[in-house]
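Here is how the chains run, residue by residue.
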Amino acid sequence: MRLPVSTYRLQIRHAFDLNNAATIAAYVHDLGADWVYFSPLLSAEPGSDHGYDVVDHSHVDPARGGAAGLDAAVAAARGHGLGVLIDIVPNHVGVASAKHSLWWWNLLTFGQESRYAGAFDVDWAFGGGKVRVPVLGDEETPELRIENGELRYYDQRFPIAPGTADDGASPETVHARQHYELINWRRADAELNYRRFFAVNTLAGIRVETPWVFDESHAEITRWITAGLADGLRVDHPDGLADPGGYLDSLAAATGGAYVLVEKILEGDEQLPIAWAAAGTTGYDALAEIDRLFVDPAGQSVLDALDSRLNDEPVSWPELIHRTKRGIVDGILRSEVLRLERDLGAPVAELGAMSPISDALAELLACFPVYRSYLPLGIEHLHAAARLAVEYRPELAVEVTALVEVLSRPEHPAAIRFQQTSGMVMAKGVEDTAFYRYTRLGSLTEVGADPAEFSIAIDDFHRRQQNRQASFPASMTTLSTHDTKRGEDVRARISVLAELPQDWRRTLLELRELAPLDDGPLEQLLWEAIVGAWPASRERLHAYAEKAAREAGTSTTWSAPSEDFEQRMHHLVDSAFDDPRVRGLLDTLLGNIRAAGWSNSLAAKLVQLTAPGVPDVYQGSELWETSLVDPDNRRAVDFDLRQLYLAAIDGGALPEIDETGAVKLLVTSRALRLRRDRPELFTRYAPLPVFGEAAENAIVFDRGGAVTVATRLPIALWNSGGWRDTTIQLAGRPVVDVLTGRQFAGGVMALADLLSRYPVALLAPLQDDKS
């Protein structure tokens with residue numbers, strides 16, 4: 001198995017296809033990355049910018065460059081010695097455009113007689129023998145029509161089964177004869193009868209646990225590996241599968257044991273199942289650890305008090321996520337709870353009052369402490385959920401006890417589906433709801449993180465890295481992805497607020513007076529985002545505000561937007577551009593935190609690139625990454641500019657720490673090159689002690705010859721007089737800081753000297769030093 005030293009993620013789409021990717025292979029190599037890492041490539045929904053809505057597994061998407069584009073991109077990568085990692089989507093297919101979704105179109109045409117009926121997870125009995133398709137609006141009589149042998153609803157196209165429209169029947173009559181039922185979109189929350197990805201009706205789950213479904217959906221993927229077009233695969237959302245471990249075994253068998261990563265969110269001390277045929281996760285766990293290393297614990301009490309004031313009461317994270325998760329299972333995922341109840345033997349029936357069993361199921365899902373179990377692995381999480389559920393709802397104790405007995409059986413259909421469902425509830429209830437309500441420090445509410453963990457101490461950080469080195473050394477690490485809520489440098493700047501909590505408190509309260517919204521937590525979230533991403537365009541910030549407010553769901557929602565509230569919300573955004581009083585407050589705050597944010601950014605980047613694991617650089621993040629939530633984090637990247645900066649740096653220019661972000665490109669390229677070109681320097685993880693008055697302001701570790709030195713809590717450092725007598729001690733042999741080119745004799749080294757130019761240093765033995 002070939003293992004990557006590092007990766008560089010590219011979002012492949014129509015505007016930047018595989019042929020475009022081929023043109024930057026040289027840049028990716030010059031940057032220092034070892035592998036190029038592509039987003040999903042199979043044929044997806046027309047216009048899809050992300051590719052996670054596959055409609056045809058048999059070929060590379062022509063809109064993404066097609067097979068010829070893949071050949072070109074791989075040839076360019078190989079020409080520069082790069083490996084290739086490709087993202088795949090086994091859990092679901094796109095069904096937004098039924099005509100383009102090959103398996104779905106066949107299913108709608110022939111129903112239970114379709115050869116693809118077994119590929120989808122449909123409860124035919126609940127749908128009266130039909131698939132329910134939630135696309136209709138609120139009109140009393142939907143405007144259906146027959147056109148070119150298809151049933152049409154506005155621009156949506158659906159098949160007509162053979163022999164069901166030959167008698168000149170009305171569109172409504174023809175619709176009634178089909179193997180599907182078009183229903184109002186609002187009914188999906190409780191009446192959908194097919195498994196989906198989270199609460200996305202346009203992504204229908206497929207059964208890759210069925211051998212022929214795996215074979216047909218993975219034939220092209222397997223070809224990439226066997227034909228030498230790819231060296232590894234990134235598996236999207238394995239938690240949605242009936243048997244993730246079994247799937248990974250099948251994938252390993254089909255690919256000859258290729259390098260595989262899984263997109264898996266780990267909670268707390270949860271560990272990736274050791275038995276899985278996977279090298280590790282896609283890095284969200286590392287992201288959370290690195291972020292918290294740069295958060296000042298001294299700021300917690302002030303920020304907690306501010307958060308309590310904005311919420312009119314103290315906020316408990318466990319209580320909050322219980323409420324949001326319960327709201328999800330009683331709302332947009334009610335269909336999944338009712339499906340579970342039917343798997344337990346409840347009669348097929350339309351909606352009515354909530355039964356005690358469905359109530360208990362919903363409570364167990366709301367109380368489940370991790371994304372899912374993999375029975376028998378993780379049975380303790382089910383027991384923990386049961387105990388908590390009974391604490392919340394003692395009147396359901398009998399039902400909860402009975403459910404636990406059934407849900408503990410690995411082969412029971414309800415147990416399998418419960419495990420598939422708990423992750424959906426966690427994702428929608430926590431990441432997509434609670435993260436927008438729990439706003440005491442926005443850098444903490446990131447994918448894969450526990451916002452209740454405010455910061456981590458240096459010793460704890462070292463322990464976690466030693467564990468990664470010992471258990472999953474080839475697991476990916478990351479700071480930004482196509483799914484992060486905020487780019488890495490937005491978070492790095494927001495984290496500075498924990499060092500100046502009183503300044504932030506005063507500024508926020510004044511901003512609330514100038515642009516009131518009457519939703520304190522959301523106001524804090526929005527102002528943090530504005531401060532973190534500044535300078536940002538008006539358009540980007542308006543889009544973020546709308547999504548954040550509707551995801552939070554406290555004052556406006558996706559399904560019922562509040563026009564009055566959203567008008568005031570957009571006024572808040574506009575005030576950052578148009579109101580000189582607001583601009584004055586923002587400029588003052590930014591003047592106090594900008595330099596510290598850049599220090600955090602450089603330190604976090606160097607730590608991520610040199611710590612255990614396989615570091616990924618998300619496209620463009622080698623300069624300042626100030627994106628907000630998707631689709632903002634999937635914007636076009638100016639590679640010409642990056643190549644220009646890199647050429648200047650390679651020509652000997654040492655960039656300043658400024659708005660260009662060129663200094664981050666310096667750090668990124670030198671760290672990646674050192675890992676790639678001198679792998680013998682990265683064979684272990686050993687914490688190095690720091691001595692002196694500012695010891696707590698440095699994180700230092702030895703990777704087996706390469707030594708990382710990074711500044712943390714810069715405001716506290718600067719306010720206390722700098723590094724003063726702070727030192728580290730290395731072996732008494734010459735070393736070079738690969739960032740600046742300065743050479744040192746080794747031994748005792750003063751940080752005031754070592755970090756005089758940049759807040760970070762990466763030390764390596766001189767190459768002619770054979771000791």
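Residues numbered from 1 in each chain as written. Predicted model: local features only at pLDDT ≥ 70, side-chain atom pairs only at ≥ 80, totals over all residues. Heavy atoms only, no water.

Peer 1: Let's hear about the overall build of the protein: which residues, and what values?
Peer 2: Check the secondary structure of the protein and you find 27 helices and 26 strands. Over its C-alpha trace the protein gives a radius of gyration of 27 Å, about what one expects of a compact globule, namely 28 Å for 771 residues. Projected onto the principal axes, the alpha-carbon positions of the protein cover approximately 90 × 60 × 55 Å. If you sum the accessible surface of the protein, you get close to 27,400 Å²; carbon and sulfur atoms cover 52% of it. Averaging the coordinates of the 73 positive side-chain charges in the protein and doing the same for the 110 negative ones gives two points 2 Å apart. (Helix = DSSP H or I, 4+ residues; strand = E, 2+ residues; numbered from the N terminus. Rg over C-alpha atoms; globule rule 2.2 N^0.38 Å. Areas by Shrake-Rupley, 256 points an atom, 1.4 Å probe, with all protein chains shown as cover. Lys, Arg positive; Asp, Glu negative; His and termini not counted. Charge placed at Lys NZ, Arg CZ, Asp CG, Glu CD.)

Peer 1: Account for the sheet that holds strand 12 (residues 196–197), naming residues and giving values.
Peer 2: Taken in spatial order, the 3 strands make up an open sheet running 6-13-12, and their pairing is antiparallel. Here the strands that pair on one side only, and so sit at the sheet edges, are strand 6 (92–94) and strand 12. (Pairing = 2+ DSSP bridges.)

Peer 1: How would you summarise the environment of Leu 688 if you had to cite specific residues and measurements?
Peer 2: Structurally, Leu 688 can be placed in the loop between strand 19 (686–687) and strand 20 (698–702). Sequence spacing of Leu 688 and Arg 417 is 271 residues, and the spatial spacing of their C-alpha atoms is 47 Å. For Leu 688, the residues in contact, after removing those within four places along its chain, are Val 700, Phe 701, Asp 702, Val 707 and Leu 730. (Contact = heavy atoms within 4.5 Å.)

Peer 1: If you had to explain the nonpolar core to someone new, which residues and values would you point to?
Peer 2: The biggest cluster of nonpolar side chains holds 123 residues, and the ones touching the most others in it are Leu 10, Phe 38, Leu 70, Trp 104, Phe 120, Val 131 and Trp 224. With sequence-adjacent residues up to four places away left out, Val 131 is seen in contact with Trp 104, Leu 107, Leu 108, Val 122, Trp 124, His 179, Tyr 180, Glu 181, Asn 193 and Tyr 194. Listed in part, the 94 residues of the second largest apolar core include Phe 418, Ala 434, Ile 494 and Leu 590. (Core = buried A, V, L, I, M, F, W, Y, C linked by side-chain atoms within 4.5 Å. Buried < 20%, exposed > 50% of the residue type's maximum accessible area, 1.4 Å probe, protein only.)

Peer 1: Mind laying out unusual backbone geometry, listing which residues take part and the relevant values?
Peer 2: With an omega of 5°, the peptide bond running from Leu 375 to Pro 376 counts as cis. Of note, Pro 376 is situated in the loop between helix 13 (356–367) and helix 14 (379–392). Residue Pro 535 is bonded to the preceding Trp 534 through a cis peptide linkage, with omega at 0°. In this fold, Pro 535 is placed in the loop between helix 20 (520–533) and helix 21 (538–552). Even without being a glycine, Asn 148 presents a positive backbone phi close to 50°. Mapped onto the fold, Asn 148 is located in the loop between strand 8 (144–147) and strand 9 (150–153). The backbone of Asp 312 shows a phi angle near 65°, a positive value even though the residue is not glycine.

Peer 1: Break down helix 13 for me, with residues and values.
Peer 2: End to end, helix 13 covers 16 Å across 12 residues, agreeing with the expected 16 Å (1.5 Å per residue, within 8%). Burial analysis of helix 13 places 10 of its 12 residues in the buried class, which makes it a mostly covered element. Within helix 13, burial applies to Ser 358, Asp 359, Ala 360, Leu 361, Ala 362, Glu 363, Leu 364, Leu 365, Ala 366 and Cys 367. Contacts from the buried residues of helix 13 go to helix 11 (317–330), helix 12 (334–343), helix 14, helix 15 (397–407) and helix 16 (413–431). (Expected span 1.5 Å × (residues − 1).)

Peer 1: So what about the pairing of strand 15 (residues 259–262)? Which residues, and what values?
Peer 2: What you see with strand 15 is no split at all: Tyr 259 and Leu 261 on one side and Val 260 and Val 262 on the other are buried throughout. Examined bridge by bridge, strand 14 (residues 232–235) and strand 15 share 4 bridges and lie parallel to one another. Note that in strand 15 the partner of Val 235 across the bridge is Val 262. Viewed along the sheet, the connection from strand 14 through helix 8 (residues 244–255) into strand 15 turns out right-handed. In this structure, strand 15 lies alongside strand 16 (residues 280–281), joined through 2 bridges in parallel fashion. (Right-handed = clockwise from strand over helix to strand, strands pointing away.)

Peer 1: So, empty space enclosed by the protein: which residues are in play, and what are the values?
Peer 2: Tallied over the full model, the rule gives 9 cavities of 30 Å³ or more. Of the voids in this model, the largest cavity is the one considered here, and its volume is about 100 Å³. In this structure, the largest cavity is lined by Leu 192, Asn 193, Tyr 194, Arg 195, Ser 335, Glu 336, Arg 339, Arg 342, Arg 417, Gln 420, Thr 421 and Met 424. If you list the elements that add at least two residues to the lining of the largest cavity, you get helix 12 and helix 16. A per-class count over the lining of the largest cavity returns 3 nonpolar, 4 polar and 5 charged. (1 Å grid on protein atoms, 1.4 Å probe; cavity = no way out; pocket = protein on both sides within 12 Å on 5 of 7 lines; lining within 4 Å. Points joined across faces, edges and corners; volume = space filled by probe spheres on them. Nonpolar A, V, L, I, M, F, W, Y, C, P; charged D, E, K, R; others polar.)

Peer 1: Tell me about the side chain of Arg 642, residues and numbers included.
Peer 2: Locating Arg 642 in the fold gives a position in helix 24 (residues 639–650). Among the polar contacts made by the side chain of Arg 642, one reaches the main-chain carbonyl oxygen of Gly 620 at a distance of 3.0 Å. Excluding residues that lie within four positions of it along the chain, Arg 642 makes contacts with Tyr 27, Gly 620, Glu 622, Leu 623, Val 637 and Leu 665. (Polar contact = N/O pair within 3.5 Å; in protein donor to acceptor, adjacent residues only side chain to side chain.)

Peer 1: Can you lay out the pattern of salt bridges for me, pointing to particular residues and giving the numbers?
Peer 2: Once the charged atoms of two side chains with opposite charge are near each other, the side chains can pair. Counting across every chain of the model gives 75 salt bridges. Between Glu 289 and Arg 468 there is a salt bridge, with the nearest N and O atoms lying 3.2 Å from each other. Of this pair, Glu 289 sits in helix 9 (residues 284–293) while Arg 468 sits in helix 17 (residues 458–471); the two residues are 179 residues apart in sequence, bridging distant segments of the chain. Comparing Glu 289 with Arg 468 shows no difference in burial state: the two are buried. A single salt-bridge network, built from bridges that share partners, covers Asp 121, Asp 123, Arg 195, Arg 207, Glu 209, Arg 339, Arg 342, Asp 343 and Arg 417. (Salt bridge = Lys/Arg side-chain N within 4 Å of Asp/Glu carboxyl O.)

Peer 1: Please provide a residue-by-residue account of the sheet that holds strand 1 (residues 7–10), values included.
Peer 2: Pairing is parallel in the open sheet, where 8 strands are placed in the order 16-15-14-5-2-1-18-17. Of all the strands in the sheet, the pair left with one neighbour each is strand 16 and strand 17 (476–477). Against the sheet, helix 3 (residues 66–79) touches strand 2 (35–38) and strand 5 (83–88), its axis set at about 145° to strand 5. (Axes fitted to C-alpha atoms, helices over the stretch in contact; angles between N-to-C directions.)

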